[in-house]
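Structural description and commentary
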Amino acid sequence: MTDDVRALGRRMYEAFNTRDVSAADALFAADFVSHPMGTVGVESVKRAWSGMHATFPGMRVVVEDMLVEGDRAAVRTTLHGVTDDDGQPPPAMLEIFRVRDGRIAELWGMSTLRRPE
């Protein structure tokens, strides 16, 4: 199961980075819960991804670490293409997701990304 969870996580970040919003249908459970956003369902993922792509057209998520145990993964990423090159390190994100029946069923996370006002 560990390899399956890891592969699913990689596919999720690849789909985000390639702007393949429709891939969310195959990656997330129909009743997916995003705890940070307080949303339920695959359509909420599609809206969030589309919004991030519109706000940050050059955004790219780079997986730095992925730890997997059982049906859960903890992933530390850096977010590139979201800020001016001001000498600061790129924003970071930490997400934990749970897999059920080969799809991401729940996600928890936090980020140091500041959205434009």
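All of these numbers come straight from a predicted model, not from anything done at the bench. (Residues numbered from 1 in each chain as written. Predicted model: local features only at pLDDT ≥ 70, side-chain atom pairs only at ≥ 80, totals over all residues. Heavy atoms only, no water.)

Here we come to the sheet that holds strand β5 (residues 92–100). Across the sheet, which stays open at both edges, the six strands sit in the order β2-β1-β6-β5-β4-β3 with mixed pairing between neighbours. Bordering the open sheet on either side are β2 (39–40) and β3 (60–69), each of which pairs with just one other strand. In this sheet, β2 lies alongside strand β1 (residues 28–34) in antiparallel orientation, the contact comprising two bridges. Looking at β2, one finds that Val-33 is bridged to Val-40. Against the sheet, helix α1 (residues 2–17) touches β1, β3, β4 (72–80), β5 and β6 (103–111), its axis set at about 165 degrees to β3. Packed onto the sheet, helix α3 (residues 42–55) meets β1 and β2 and runs at close to 65 degrees relative to β1. (Pairing = 2+ DSSP bridges. Helix = DSSP H or I, 4+ residues; strand = E, 2+ residues; numbered from the N terminus. Contact = heavy atoms within 4.5 Å. Axes fitted to C-alpha atoms, helices over the stretch in contact; angles between N-to-C directions.)

Here the focus is the side chain of Glu-95. With respect to the helices and strands, Glu-95 occurs in strand β5. Under the relative-accessibility criterion, Glu-95 is labelled buried at 12%. Among the polar contacts listed, one links the side chain of Glu-95 to the side chain of Tyr-13, at a separation of 2.5 Å. (Buried < 20%, exposed > 50% of the residue type's maximum accessible area, 1.4 Å probe, protein only. Polar contact = N/O pair within 3.5 Å; in protein donor to acceptor, adjacent residues only side chain to side chain.)

Our focus in this paragraph is the packing of aromatic side chains. Under the counting rule described, the total for this entry stands at three aromatic pairs. When the ring of Phe-16 is compared with that of Trp-49, the centres are 5.6 Å apart and the planes differ by 85 degrees; the resulting orientation is edge-to-face. Remark: Trp-49 occurs in helix α3 and Phe-16 occurs in helix α1; sequence separation between them is 33 residues. Judged by relative accessible area, which is 7%, Phe-16 ranks as buried. Judged by relative accessible area, which is 9%, Trp-49 ranks as buried. Both rings, one in Phe-28 and one in Trp-49, keep their centres 6.0 Å apart while their planes meet at 75 degrees; by these two values the pair is edge-to-face. Of this pair, Phe-28 sits in strand β1 while Trp-49 sits in helix α3, and the two are 21 residues apart along the sequence. Like Phe-28, the residue Trp-49 is buried in the burial classification. Counting every residue linked through ring pairs, the aromatic cluster contains Phe-16, Phe-28, Phe-32 and Trp-49. (Phe/Tyr/Trp six-rings, centres within 6.5 Å; stacked < 30°, edge-to-face > 60°.)

A word on the side chain of Ser-44. If you trace the backbone, Ser-44 turns up in helix α3. What makes Ser-44 buried here is its relative accessible area of 5%.

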